[in-house]
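The lines below spell out each chain.
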Amino acid sequence: MYTLSTIPKDGKLYAIKGYTGIKVRYLKQSKHIPHSYVSDSYISANQNAGGQSQNFSAHEPAQPASHDWSYYIYYRIGGRQGKQVLQKIGTKSQGMTIKKALKIRMEKIIEGEHALCEQESAFTIAAIWQEYELQKSTVSSFASIKHCYQYLEPFYTKTPLDITTKEITEFRQELESRVNRHGKKLSSQTVAHIVKLLRTLIHFAVKNGFSPENSALYFDIPKVQNTVNEYLSEKQLKQYITALQHEENIYAKAFLMTALYTGMRKKAIYYLAWQDIDSKHNIIYLQAKNAKKRQSDYIPLPLSVKQILKKLPRNSEYIFLDSNKKPYANYYQKAKAIKEKIGLPKNYRPLYMLRHNFASLLANNGTNLYTIQKLLTHNSPAMTQRYAHLNDKSLQQSSRRVSKIIQKYFEE
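First, a word on scope: everything that follows refers to the structure included in this document. (Residues numbered from 1 in each chain as written. Predicted model: local features only at pLDDT ≥ 70, side-chain atom pairs only at ≥ 80, totals over all residues. Heavy atoms only, no water.)

Notes on the overall build of the protein chain
Assigned secondary structure in the protein chain consists of 14 helices and seven strands. Counting the 412 residues in the protein chain, one finds 40% classified as buried. The contacts of the protein chain with a sequence gap of at least 6 include a subset with a gap of at least 24, amounting to 63%. On the protein chain, roughly 24300 Å² of surface is accessible, and the fraction owed to carbon and sulfur atoms is 50%. (Helix = DSSP H or I, 4+ residues; strand = E, 2+ residues; numbered from the N terminus. Buried < 20%, exposed > 50% of the residue type's maximum accessible area, 1.4 Å probe, protein only. Contact = heavy atoms within 4.5 Å. Areas by Shrake-Rupley, 256 points an atom, 1.4 Å probe, with all protein chains shown as cover.)

Written out as structure tokens, the structure reads:
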């Protein structure tokens with residue numbers, strides 16, 4: 001097998017075994033030229049001058065000064081079907097090595113992809129967001145997505161090919177150390193959502209043909225412990241109900257009771273219409289336009305909710321909004337006031353904790369996860385799985401029932 005020291009002295013190009021994209025040509029005499037890249041004409045990268053492909057070892061022994069090699073790099077721009085490039089980058093006598101050649105080749109590929117990106121009028125992150133917003137603005141969680149987008153300002157003018165893994169890592173580190181106007185650091189979950197949004201926008205651009213794929217990118221998403229702990233103890237639940245019974249605003253009282261008894265998402269309650277209430281069959285219909293998964297669904301109508309809704313006047317098609325779709329009361333502030341009045345932890349979210357509490361009560365009282373999934377209208381069982389650790393009581397009871405059945409046969 002040939003090595004660089006035994007390359008045929010015929011002036012042809014030969015590939016080097018183990019080093020993709022590198023070729024060499026034997027020179028009879030060393031011709032010292034300036035350290036600059038001299039481009040040859042674009043020729044086929046898959047054949048040497050003799051029409052054959054050769055592989056050789058990369059071992060480089062000492063040679064007489066008159067013996068020299070020219071190093072060439074070859075690559076494609078624009079994927080497998082893209083343009084092939086063969087380029088001379090220097091000689092051994094100039095200090096060129098295989099390691100340097102590999103580095104230059106990578107730099108040239110990136111430069112070429114960037115140039116191609118510009119030629120194809122690649123979208124910037126800001127332009128990608130505009131397209132993304134047009135398609136996703138009707139999603140119920142879009143408000144939180146839009147909130148995360150403001151943090152991506154450093155990438156607004158960049159295309160996906162302009163962004164590097166190093167930049168993403170530094171961006172994440174900056175987010176983790178950033179302090180908001182309230183003097184608090186961003187939560188790990190918020191940082192994860194922001195980095196995920198950047199990844200989503202880039203994937204969206206590639207999928208829709210707005211940008212070539214940047215396969216060199218790696219997203220290190222912060223790990224978030226998604227354990228539910230926003231549920232009320234028996235004492236706290238009694239205190240909450242007592243405070244709710246003393247609420248003077250009947251709309252706020254009905255709103256929070258609906259959340260407490262059904263575990264519905266706050267948006268679904270906000271836009272709950274009178275036509276969605278089936279008092280005859282005790283069902284609440286959830287319209288697709290207000291559902292997180294954009295699918296219509298239904299849940300049971302608790303008797304307590306049914307009774308308090310009967311007391312509300314019908315001044316609008318909506319139960320908790322007026323004819324201008326304005327809420328009759330600031331439901332969030334009402335929930336926050338009750339939370340603070342009974343001394344719940346600061347990290348408890350005034351409205352969302354009622355949904356978690358509803359699910360936690362179900363799990364702690366032996367309800368199977370499939371039923372919990374249906375009552376919460378979760379799209380995936382994985383979302384309900386977060387409540388599995390609260391279902392231990394049911395597991396223990398089931399285990400004891402099986403033990404009794406088996407033990408019965410031992411006692412016969």
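A look at the nonpolar core
Counting residues in each nonpolar core, the largest one holds 39 residues, and the members touching the most others are Tyr240, Leu256 and Phe320. The set of elements that each furnish at least two residues to this core consists of α6 (234-245), α7 (250-262), α8 (266-270), β6 (283-286), α9 (303-310), α10 (331-341) and α11 (352-364). Counting residues per element, this core draws most heavily on α7, at eight residues. In contact with Tyr240, other than residues within four places in its own chain, are Leu232, Leu256, Ile338, Ile342, Met353 and Leu354. In terms of nonpolar packing, the next biggest core, distinct from the first, is built from 30 residues, Ile145, Leu197, Leu198 and Phe204 among them. (Core = buried A, V, L, I, M, F, W, Y, C linked by side-chain atoms within 4.5 Å.)

Overview of the sheet that holds β6
Spatially, the three strands line up as an open sheet ordered β5-β6-β7, and their pairing is antiparallel. A strand with exactly one partner marks an edge of an open sheet, and here the two such strands are β5 (277-278) and β7 (297-300). Across four bridges, β6 lies against β7 in antiparallel orientation. Each bridged residue has a counterpart across the sheet, and for Leu286 the counterpart in β7 is Asp297. (Pairing = 2+ DSSP bridges.)

Quick notes on the pairing of strand β2 (residues 22-27)
Where burial is concerned, most of β2 is hidden: five out of the six residues are buried. Of the pairings in the sheet, the one linking strand β1 (residues 13-15) to β2 comprises three bridges and is antiparallel in character. In the strand pairing of β2, Leu13 is matched with Arg25. Once β1 ends, the chain turns through six residues before running back antiparallel as β2, passing Gly18 with a positive phi of about 90°. Pairing geometry for β2 and strand β3 (residues 68-77), over six bridges, is antiparallel. Bridge pairing in β3 links Leu27 to Asp68.

Here we look at the packing of α7 against α9
Interhelical geometry of α7 versus α9 gives an angle of 165° and a closest axis separation of 9 Å. It follows from the interaxial angle that α7 and α9 lie roughly antiparallel. Classified by chirality, the crossing of α9 by α7 is left-handed. Contact with α7, carried on its side by Lys253, Ala254, Met257, Thr258, Tyr261 and Thr262, involves Ser304, Val305 and Ile308 of α9 and no other residues of that element. When grouped by side-chain class, the residues that make up the contact of α7 with α9 number five nonpolar, three polar and one charged. (Axes fitted to C-alpha atoms, helices over the stretch in contact; angles between N-to-C directions. Parallel < 35°, antiparallel > 145°, perpendicular 65-115°, else oblique. Left-handed = near helix turned anticlockwise from the far one by under 90°. Nonpolar A, V, L, I, M, F, W, Y, C, P; charged D, E, K, R; others polar.)

Describing the sheet that holds β3
Hydrogen bonding along the main chain pairs the strands of a sheet, whether they run parallel or antiparallel. With antiparallel pairing, four strands are arranged side by side in an open sheet as β1-β2-β3-β4. Each edge of the open sheet carries a strand with a single partner, namely β1 and β4 (83-91). Across the sheet, the axes of successive neighbouring strands diverge by a mean angle of 30°, strand direction being ignored.

Concerning the side chain of Gln87
Checked against the element boundaries, Gln87 lands in strand β4. The buried category is assigned to Gln87, whose relative accessible area is 7%. Within the structure, the side chain of Gln87 is placed 3.4 Å from the side chain of Tyr75, a separation counted as a polar contact. (Polar contact = N/O pair within 3.5 Å; in protein donor to acceptor, adjacent residues only side chain to side chain.)

Here we look at the packing of aromatic side chains
Following the criterion strictly, the structure yields 14 aromatic pairs and no others. Measuring from centroid to centroid gives 4.5 Å for Phe123 and Phe210, while their planes differ by 10°, and the two rings are stacked. Pair noted here: Phe123 is in the loop between α1 (98-119) and α2 (125-136) and Phe210 is in the loop between α5 (188-207) and α6, with a separation of 87 residues, a long-range link. Ring plane angle 80° and centroid distance 6.0 Å describe the contact between Tyr271 and Tyr318, whose orientation is recorded as edge-to-face. Within this pair, whereas Tyr271 is found in the loop between α8 and β5, its partner Tyr318 is found in the loop between α9 and α10, the two being separated by 47 residues in sequence. Tyr318 gets classed as buried once you look at its relative accessible area, which sits at 7%. These aromatic residues form a ring-pair network of at least three members: Phe123, Trp129, Tyr132, Tyr149, Tyr156, Phe204 and Phe210. Looking at Lys23, its charged tip hangs above the ring of Tyr74, at a distance of 4.9 Å from the centre. (Phe/Tyr/Trp six-rings, centres within 6.5 Å; stacked < 30°, edge-to-face > 60°. Lys NZ or Arg CZ within 6 Å of the ring centre and 35° of its normal.)

Considering the pattern of salt bridges
Side chains carrying opposite charge are able to pair once their charged atoms draw close together. Evaluation of the coordinates by the stated rule reveals seven salt bridges. The salt bridge partner of Glu176 is Arg172, with a shortest N-O separation of 2.8 Å. Separated by four residues within a single helix, Glu176 and Arg172 lie in helix α4 (residues 165-177), roughly one turn from each other. Arg172 sits in the buried class, given a relative accessible area of 18%. (Salt bridge = Lys/Arg side-chain N within 4 Å of Asp/Glu carboxyl O.)

Considering α7
An ideal rise of 1.5 Å per residue puts 18 Å on 13 residues; α7 measures up with 18 Å between its terminal C-alpha atoms. Burial of α7 is extensive: ten of the 13 residues sit out of reach of the surface. Of the residues making up α7, those classed as buried are Tyr251, Ala252, Ala254, Phe255, Leu256, Met257, Thr258, Ala259, Leu260 and Thr262. Two or three places before Tyr251, at the opening of α7, Asn249 has a side-chain oxygen 2.9 Å from that residue's backbone nitrogen. Looking one or two residues beyond α7, the residue adopting positive phi is Gly263, at roughly 70°. (Expected span 1.5 Å × (residues − 1).)

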